[in-house]
Every structure is written in structure tokens, then in C-alpha cells.
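# Per-entry structural report
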Amino acid sequence: YEIMPSLVGSEMCIRDSDTSVPLIKQFKMMEVILYLYKKSRSLVSMGMPVSVLKEENIFDKIISIKYDVPNDRLDMFDDYMKMIDDFYDRVVERNA
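The structure reproduced in this document is the subject of the present report. (Residues numbered from 1 in each chain as written. Predicted model: local features only at pLDDT ≥ 70, side-chain atom pairs only at ≥ 80, totals over all residues. Heavy atoms only, no water.)

### A few points about the packing of aromatic side chains
Here is the rule: Centres within 6.5 Å are what make two rings of Phe, Tyr or Trp a pair, Trp counting through its six-membered ring; a difference in plane orientation under 30 degrees is then read as stacked, over 60 as edge-to-face, and the rest as tilted. Here a strand is any run of E in DSSP of at least two residues, a helix any run of H or I of at least four, and the numbering for each starts at the N terminus. Relative accessibility thresholds used throughout: buried, under 20% of the residue-type maximum; exposed, over 50%; partly exposed, between the two (1.4 Å probe, protein chains only). Our definition puts a charge over a ring when NZ of Lys or CZ of Arg is within 6 Å of the ring centre and also within 35 degrees of the ring normal.
The final tally for this structure, using the stated rule, is two aromatic pairs. Arranged with centres 5.9 Å apart and planes meeting at 80°, the rings of Phe59 and Phe87 form a pair that is edge-to-face. Here Phe87 lies in helix H5 (residues 76–94) and Phe59 lies in helix H3 (residues 58–63), a separation of 28 residues in the sequence. On the basis of relative accessibility, which here comes to 27%, the residue Phe59 falls in the partly exposed class. You can call Phe87 buried: its relative accessible area is 0%. Between Phe77 and Tyr80 the ring centres are 6.4 Å apart and the planes differ by 45°, which places this aromatic pair in the tilted class. In this pair, Phe77 and Tyr80 are both assigned in helix H5, three residues apart and thus about one turn of the helix distant. Here Phe77 falls in the buried class, since its relative accessible area comes to 3%. Judged by relative accessible area, which is 6%, Tyr80 ranks as buried. A cation over an aromatic ring shows up here: Lys39 above the ring of Tyr88, its NZ or CZ 4.3 Å from the ring centre.

### Observations regarding helix H1 (residues 23–45)
Basically, it comes down to this: In a helix, the anticipated span is given by 1.5 Å times the number of residues less one.
With 23 residues, H1 extends 33 Å between its outermost C-alpha atoms, agreeing within 8% with the 33 Å of an ideal straight helix rising 1.5 Å per residue. By the burial criterion, the buried members of H1 are Lys25, Met29, Val32, Leu36, Ser40 and Leu43. Within two residues after H1, Gly47 carries a phi angle of roughly 95°, on the positive side.

Here it is, written out as C-alpha cells:
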């Protein structure tokens, strides 16, 4: 087990570090991370402060993606892409 300093104080601070992740899942995780990066970069280039982006919990969801998506449920990555699109739309709508 490992203690995750960023989560100390929550019930999720201890993770089983022996989890193995198939290569295809690693690839899908990277796709989601890069998609969030591109959408966030687009928002910042439109003048949105990073603090506005951080008001959403999308970053926490993406951080825990390795643990939240079972190795045999790679279809769930589509849901994360949709969550990122929804996040983008909400930020644009609230700050237009």
C-alpha cells in the first residue's frame, strides 16, 4: 500500500499499489488526460483563469481514473470524454 499525500485526510489516501494496468488501459488513460489538457488549454486561451477551471471536480475524477475504471471496462473512458466536454461547456456558459 502507498499513502497518497494529496489525499491525506480522506478515505482514499491509501491505495493498493500492487494494481496492474494493461497497456491498452494506460493508453486510454493518456488519451483522456491529453483531451482534458487540450480542453483546459483552450479555455485558458479564451481568458478563463485557472481558478475557474479548478472550481469543477473534473480534475479529481481524472486523477483517480486508474482506480475508478476496472481493467475490463475500457468502454467507461467514453464517459470521461463526455464529462470533459460537459465541463468545457459549463465553464464557457458560466463565463461567457
